[in-house]
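Fold and geometry: a report
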Amino acid sequence: MGILFLLNPTYIAGVPTPPPGPYDADVVILALDRPAETIAAIHSALGQSGITRHVFVIDQGSRAAHLTGLADVIAGRPDATLVALDRNRGVAGGRNAGTALGHGRIVAALDNDAEFATTDTLARAVAVLDDAPDLAAIACRIVTHATGADDLSSWGYPMSLLPHAGCSFDSTTFVGAGHAIRRAAWEQIGGYDESLFFCWEEFDFCLHAIQRGWRIRYCGDLVVRHKVSGEQRVAWSADRWFYFVRNRLYIGRKFGAGWPALVARFGGYLVKGLRHGMLRQTLRACAAAICLQPGCEPRALSPEARAYLWQNDGLHRGGWLTRLRSEVLARLPDGTL
């Protein structure tokens with residue numbers, strides 16, 4: 001899957017390696033500027049109690065002054081590590097690098113503009129995974145930091161399930177802003193596909209997990225507060241739509257989708273791209289997805305995996321008219337276009 005385990009990141013602050021013995025969880029935070037928000041995220045991770053954990057901050061190109069600020073927070077701490085990568089490796093590459101540095105049996109990730117809602121959120125997440133050995137990953141409920149309302153830009157599930165955001169249910173993906181993965185599942189799958197760089201990497205990981213018999217669980221009682229910072233955020237009108245379309249088409253092909261299904265999906269993206277003035281991004285994304293495909297070997301999902309996907313996703317999305325309205329004709333998640 002193209003994992004960059006041999007990046008040899010530059011050690012900046014904290015301890016070079018976590019303790020050699022067993023511990024419960026690693027927390028991975030990717031950093032790229034946003035100094036105030038990132039520092040708040042680090043403090044939130046360091047404030048998690050009730051378990052043993054190590055915090056990894058992976059910098060991917062912050063300005064020197066901002067990197068110094070992060071180093072000041074982590075300096076002298078025995079439970080945290082700050083490293084810098086040679087360049088921005090994307091969400092997939094950055095998380096792979098951070099995960100590879102630790103050996104906690106659970107790997108949690110927190111966006112650098114997000115915070116755990118309570119000091120025991122991580123401990124409760126670890127308990128959920130410990131109690132259900134067939135869970136590969138769990139998703140947290142993502143709410144806006146300012147109001148506590150559900151963050152619709154981070155709702156990665158059928159809209160019909162939004163009224164149940166405070167509940168728990170089996171899912172087919174998780175949202176990266178706040179989640180936890182069982183390290184045994186991460187190692188079995190091989191981590192994230194780094195060719196995705198950004199967008200849909202969680203869904204791709206989950207498809208690999210589901211294909212191997214794992215479950216994914218959304219836990220509405222585990223809350224992460226998200227500030228949705230504009231700094232270094234990829235806007236839909238910039239490259240976000242490109243990655244969204246390219247990566248979803250590529251993932252479809254990876255998991256054995258036939259050309260009729262891919263053409264139909266691209267048709268929906270083309271309509272949405274036209275509506276939002278992003279035709280060029282859409283066409284460029286299609287061409288880029290085709291260029292990625294020679295590097296993958298399409299493997300159709302098993303009947304069991306397809307049944308899981310239908311039961312926990314497709315069944316909740318309704319018929320084609322409902323999907324047309326909710327997925328093709330609807331506004332983009334941030335509502336700005």
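As a reminder, the structure under discussion sits directly above these lines.
Here we summarise the structure given alongside this text. Because the structure is predicted, anything quoted here is derived from the model rather than measured. Each chain carries its own residue numbering, running from 1 in the direction its sequence is written. Residue-level local features of this predicted model are given only where pLDDT is at least 70; pairs of side-chain atoms are given and counted only at 80 or more, and the full residue set underlies all totals for whole chains, interfaces and linings. To get the side-chain values, all heavy atoms of the structure are used, and hydrogens and water are removed first.

Quick notes on the overall build of the protein chain
Heads up, the rule is: The secondary structure listing takes helices from DSSP runs of H or I that are at least 4 residues long and strands from runs of E that are at least 2 residues long, numbered from the N terminus. Residue exposure (1.4 Å probe, protein chains only): buried if accessible area is under 20% of the type maximum, exposed if over 50%, otherwise partly exposed. Residues count as neighbours in contact if any of their non-hydrogen atoms are within 4.5 Å of one another. In short, Shrake-Rupley with a 1.4 Å probe defines the accessible areas, and a residue's cover is counted only from the protein chains shown.
Helices and strands together make up the secondary structure of the protein chain, namely 11 helices and 10 strands. For the protein chain, with 337 residues in total, the buried portion stands at 54%. Long-range pairs, those at least 24 residues apart, make up 83% of the contacts in the protein chain with a sequence separation of at least 6. Total accessible area computed for the protein chain in this model is approximately 14,300 Å², and 59% of it derives from carbon and sulfur atoms.

Brief notes about the packing of aromatic side chains
Quick reminder of the rule: Planes of paired rings set the category: under 30 degrees apart is stacked, over 60 is edge-to-face and the rest tilted, where pairs are Phe, Tyr or Trp rings (Trp by its six-membered ring) whose centres lie within 6.5 Å. Either the NZ atom of lysine or the CZ atom of arginine qualifies as a charge over a ring when it sits within 6 Å of the ring centre and within 35 degrees of the ring normal.
Counted under the stated rule, the structure contains 15 aromatic pairs. Arranged with centres 5.8 Å apart and planes meeting at 85°, the rings of Trp241 and Tyr269 form a pair that is edge-to-face. Of this pair, Trp241 sits in helix H7 (residues 236–254) while Tyr269 sits in helix H8 (residues 259–275), placing them 28 residues apart in sequence. On the basis of relative accessibility, which here comes to 1%, the residue Trp241 falls in the buried class. Judged by relative accessible area, Tyr269 falls into the buried class, the value being 9%. For the pair Phe242 and Tyr243, a centre-to-centre distance of 5.2 Å together with 65° between the ring planes defines the contact as edge-to-face. Considered together, Phe242 and Tyr243 belong to a single accessibility category, that of buried residues. Feature note: the residues Trp200, Phe203, Trp241, Phe244 and Tyr269 constitute an aromatic cluster, connected by ring pairs. The side chain of Arg248 reaches across the aromatic face of Trp200, ending 5.4 Å from its centre. When the ring centre of Phe242 is taken as reference, the NZ or CZ atom of Arg284 above it lies at 4.1 Å.

Description of the nonpolar core
Defined as follows: We define a nonpolar core as any set of buried Ala, Val, Leu, Ile, Met, Phe, Trp, Tyr and Cys residues linked to one another through side-chain atoms lying within 4.5 Å.
One finds Phe174 and Ile216 to be the most contacted residues of the largest nonpolar core, which totals 73 residues. Phe56, Val91, Phe198 and Ala288 belong to the second-largest nonpolar core, a separate cluster that totals 24 residues.

Observations concerning the pattern of salt bridges
Test applied: We count a salt bridge whenever a side-chain nitrogen from Lys or Arg sits within 4 Å of a carboxyl oxygen from Asp or Glu.
If you walk through the whole model with that rule in mind, you get 21 salt bridges. As a salt-bridge pair, Arg124 and Asp221 come within 3.8 Å of each other at their nearest N and O atoms. Highlighted residues: Arg124 in helix H4 (residues 121–131) and Asp221 in strand S10 (residues 215–226), separated in sequence by 97 residues. Residue classification places Arg124 among the partly exposed positions, given a relative accessible area of 28%. A salt bridge links Arg215 to Asp170, with the shortest nitrogen-to-oxygen separation between them at 2.7 Å.

What about helix H1 (residues 35–46)?
The condition is simple: For a helix, the expected span equals 1.5 Å multiplied by the number of residues minus one.
Between its terminal C-alpha atoms H1 stretches 16 Å, which fits the 16 Å expected from 12 residues at 1.5 Å a residue. Among the residues making up H1, those that are buried are Glu37, Thr38, Ala40, Ala41, Ile42, Ser44, Ala45 and Leu46.

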